[in-house]
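Architecture and fold: a report
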Protein chains: 2
Amino acid sequence: MTRFDPSHALYVDLYQLTMGQAYLRSGQTAEATFSLFVRNLPPDRGFLLFAGLEDVLKYLEELRFTFGDLDYLRSTGQFGDDFIEYLAKFRFTGSVRAMDEGTAFFANEPMIEVTAPVIEGQIVETFLINQVNMASLFATKAARVVKAAGGAGVADFAARRTHGTDAGNKFARSSYIGGFVGTSNVGAGARYEISTIGTMAHSFITSFDSELKAFRAYADAFPDSATLLVDTYDTVNGIEAAVTVAHELETRGSRLAGIRLDSGDIGFLSRIARRMLDDASLGYVQIVASGGLDEFSIEALARSGAPIGAYGVGTLAGVSADAPWSDAAYKQVTYDGRPVAKFSPGKATFSGPKQVWRCFDARNGIVAHDHLTSADADSPEPNATKLLNVVMRDGTVTGDLLSLRQARDLARMELERLPESVLELEKPMSVPVRVSDELLAGSPGREKM
Amino acid sequence: MTRFDPSHALYVDLYQLTMGQAYLRSGQTAEATFSLFVRNLPPDRGFLLFAGLEDVLKYLEELRFTFGDLDYLRSTGQFGDDFIEYLAKFRFTGSVRAMDEGTAFFANEPMIEVTAPVIEGQIVETFLINQVNMASLFATKAARVVKAAGGAGVADFAARRTHGTDAGNKFARSSYIGGFVGTSNVGAGARYEISTIGTMAHSFITSFDSELKAFRAYADAFPDSATLLVDTYDTVNGIEAAVTVAHELETRGSRLAGIRLDSGDIGFLSRIARRMLDDASLGYVQIVASGGLDEFSIEALARSGAPIGAYGVGTLAGVSADAPWSDAAYKQVTYDGRPVAKFSPGKATFSGPKQVWRCFDARNGIVAHDHLTSADADSPEPNATKLLNVVMRDGTVTGDLLSLRQARDLARMELERLPESVLELEKPMSVPVRVSDELLAGSPGREKM
């Protein structure tokens, strides 16, 4: 079952390479600029949070075609020696301007602009869209869940139901940017230095003769951090067994961390559980809820005042179930200094490199509107904040990027500065994006927004 | 930006490891059996196609915790030397029974059963669900698109919009099982020996002074395989330019392969294009359609008789947009020879290892119903076909698995043998699954289906 394992460089649509060969042979190899943006926000999204930049820059810095990759390409018979030799020496030598990870963005605003020799700029398209689209959808979904949970902590339990392992790891990272407190995914915790969080599975309970024996075995192994899953057989009996174990832990100077509800009427059961725990003088034992939750069900629980201290959120967040895709696109906007654009119905683009400016209401610090201008335009109004900054020059990352924690802090601040109408979970407004006259004039096929 | 890169072994929910430590310390380390199944088929699914087995078996054979993994786990302070030592020597030593990839399955039918020392069986849960859930959703989605397309070929254009690169590669593989003819994803083509397919992007056209120059440059580089994208500016003008280039190719003994429509009213434009091509004696030039297509829009195009020879399908298939998740579960069904089950509301399971039997209508060879029995039960009726077979013993793959091509052939045969009512794209029926009395008697909390 062992097979050739291609490098990341071959995570590329075939046409990027065939176009590369055609560009090379026709001598059409000047510099081009590409904009990465979404044409429309997905349903029920008033904003998206930008994420994925770190992986994009790492990919651009490390991008090489291996001997194995080149042998495979040669074997297809589609590529000549001239292009294979080009790929053998391939390095990404371009420049990148980007928003900070954690920045809120809206339709038609580039989050990334790449300027590079056209073949280089083209070859990286597939990977760039893939990573930024995924990470931004995930960060946004997580931010919605965190908002719904009010003050309760939310942890990522999605590793088993994401679309593959790359998505599982990136969901852990992006959901942390969106405000989650930790992840069940151990590898992602290790990679990104995020807290790992876990309780126990029903199978652990069913392996023992009785629920009480299972709880005791787990509490013996983790006396100071156990969260006991109480719904395997009968939830009320399960809570009683957890109370017994909590009192046993107290005699040894330890404290039960929590109990977890994973099925049934979570709101109702959480109230029963809270009363049983409080009556047993276990006010410190936290109630954790999980099982098919998303921002909508969590908002309903939180509104009903369910005494839930923390949520574990898996499937519905981990696939961004209500919005599993965006129309993220990576479009050429200049070639050899000349602005270019396509006019395809519904897919027309603004030509030329751009800048995005954010403007706040001076009275309350809330976002009022954005401006989309050409990259070299002056500030369209006083106090406008420039969102695109140089992050890579000549293929090398310039200066410091935000750390994961800083991106998370920025995302929190961004959400605090967005109008409530933009944050609504259903049918939100978006922020007005004003397009400069200069940009409109240079982009036939587009109408004033 | 370089960080510790954990191995695949850490693609695991934390609780798998904490339970492992608790099992080890309580001496609860006997053999257990786990069933991987879906509780309910997703909306608008009368069946699912099983995929992902190859990756599961490779993972089980190669599963090791690296020194780096172990150092990280030690550094968390949650694990004792006893359990770290256990993980250092960890090998998967269990057995696996599974369906063949490409097999159609229904709710409550195990596709995989794992029997192993309980800690081993538990640690592999996260990865097994992740891979099988994803691959099966993807294969099924692809089969729906292929059915809708009638005889036209369908290619995977999803690499840029799948949730990450693992999903992109697995979508290429799973969609091939589901009947796609090829993929735009070069690395997946290389890895799985699938045909790679590609045309050109709008950016290629806009890089040149004119569409005609761009077409000529591309046709020069690929005289015998060019598919020209005709909707960058004005589609009718684009088709005219393609006709010009096709005639130029003919003078050099080459033939234009196709033109691609990616926007607008695809059905209408395909009729215009076909007539223009036929009027120019270019009946051999294929029309390829793409741009936000799925089984529903393709069925509408096919029904209207649109003269489309091939479809490129991306986003909506690559995230299985109408059903991006299933409730795939991996449940312990025995511990130390004792049948076990949980009774949580809506999540109760049948205890004990199982067998799935498929029964056909003798008159027409169409699937009539399945039987779910205990693993060691006799055939429930004459001519019933057993679907679960041993594929791994003592941690080693036994005998030959289906090749990717064989899995694809099996899937095609499976679809031919399913009733039309089960194949419907909307509100399909499913196949009745009869549960043996013995299984029902041993599973409190379940009702007769």
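Here, the structure is the one placed above.
The rules behind the values
- Residues numbered from 1 in each chain as written.
- Chains lettered and ligands numbered in written order.
- Predicted model: local features only at pLDDT ≥ 70, side-chain atom pairs only at ≥ 80, totals over all residues.
- Axes fitted to C-alpha atoms, helices over the stretch in contact; angles between N-to-C directions.
- Helix = DSSP H or I, 4+ residues; strand = E, 2+ residues; numbered from the N terminus.
- Parallel < 35°, antiparallel > 145°, perpendicular 65-115°, else oblique.
- Left-handed = near helix turned anticlockwise from the far one by under 90°.
- Contact = placed C-beta atoms within 7 Å.
- Nonpolar A, V, L, I, M, F, W, Y, C, P; charged D, E, K, R; others polar.
- Pairing = 2+ DSSP bridges.
- Right-handed = clockwise from strand over helix to strand, strands pointing away.
- Buried ≥ 20, exposed ≤ 12 C-beta atoms within 10 Å, placed from the backbone.
- Least-squares fit on C-alpha atoms with pLDDT ≥ 70 in both.
- Expected span 1.5 Å × (residues − 1).
- Arc of directions from axis to C-beta.
- Core = buried A, V, L, I, M, F, W, Y, C linked by C-beta atoms within 7 Å.

**Structural notes on the packing of helix H6 (residues 125-148) of chain A against helix H7 (residues 164-177) of chain A**
Residue and element names in this part refer to chain A. Between H6 and H7, whose axes approach to 8 Å, the crossing angle comes to 50 degrees. Taken together, H6 and H7 sit at an angle that is classed as oblique. Once H6 is placed against H7, the crossing between them reads as right-handed. Residues Met134, Ala135, Phe138, Ala139 and Ala142 of H6 lie in contact with H7, whose contacting residues are Ala167, Lys170, Phe171, Ser174, Ser175 and Ile177. Here the contact of H6 with H7 is built from residues that sort into eight nonpolar, two polar and one charged.

**A closer look at the pairing of strand E6 (residues 153-156) of chain B**
Residues and elements named next belong to chain B. Pairing between E6 and strand E11 (residues 310-313): four bridges, direction parallel. Note on E11: the bridge partner recorded for aspartate 156 is valine 313. Here E6 pairs with strand E7 (residues 182-183) via two bridges, running parallel. Note on E7: the bridge partner recorded for alanine 155 is glycine 182. What joins E6 to E7 is helix H7 (residues 164-177), and the crossover it makes is right-handed.

**Considering the sheet that holds strand E14 (residues 354-360) of chain A**
All names here are of chain A. One open sheet accounts for four strands, arranged E16-E14-E15-E19; its pairing is mixed. One side of each edge strand has no neighbouring strand; the edge strands of this open sheet are strand E16 (385-386) and strand E19 (433-435). As defined by bridge partners, E14 adjoins strand E15 (residues 367-374) across seven bridges and the pair is classed as antiparallel. When the bridges of E15 are listed, cysteine 359 appears paired with histidine 369.

**Remarks on the environment of glutamate 211 of chain B**
Residues and elements named next belong to chain B. If you trace the backbone, glutamate 211 turns up in helix H10 (residues 211-221). The exposure class assigned to glutamate 211 is buried, which follows from the 22 C-beta atoms found within 10 Å. Along the sequence, glutamate 211 and aspartate 231 sit 20 residues apart, while their C-alpha atoms lie 10.0 Å from each other. The contacts of glutamate 211, once residues within four sequence positions are left out, are Ile205, Thr232, Tyr233, Gly238 and Ala241.

**A word on the relation of the copies chain B and chain A**
Turning chain B through 180 degrees and shifting it by 0.0 Å along the axis lays it on chain A, with an RMSD of 0.0 Å. The symmetry that links the two subunits is that of a two-fold axis. Here 100% of the contact residues of chain B are again contact residues in chain A; the copies associate through an equivalent surface.

**Section: helix H12 (residues 266-279) of chain B**
All names here are of chain B. Between its first and last C-alpha, H12 extends 20 Å over 14 residues, near the 20 Å set by a 1.5 Å rise per residue. Listing the buried residues of H12 in full gives Ile266, Leu269, Ser270, Ala273 and Leu277. Viewed end-on, H12 has its buried residues packed into an arc of 100 degrees, placing them on one side of the element. In H12, the exposed positions angled more than 90 degrees off the buried face are occupied by Arg275, Asp278 and Asp279. Buried positions along H12 lie against helix H11 (235-251), strand E9 (258-261), strand E10 (286-289) and helix H13 (295-303). Serine 281 occupies a position one or two residues after H12 and carries a positive phi of about 60 degrees.

**Quick look at the nonpolar core**
Counting residues in each nonpolar core, the largest one holds 288 residues, and the members touching the most others are Tyr218, Leu228 and Ala242 of chain A together with Tyr218, Leu228 and Ala242 of chain B. Aside from chain neighbours lying at most four places away, what touches leucine 228 of chain A is Met200, Phe215, Tyr218, Ala242, Val245, Leu256, Ile259 and Arg260 of chain A.

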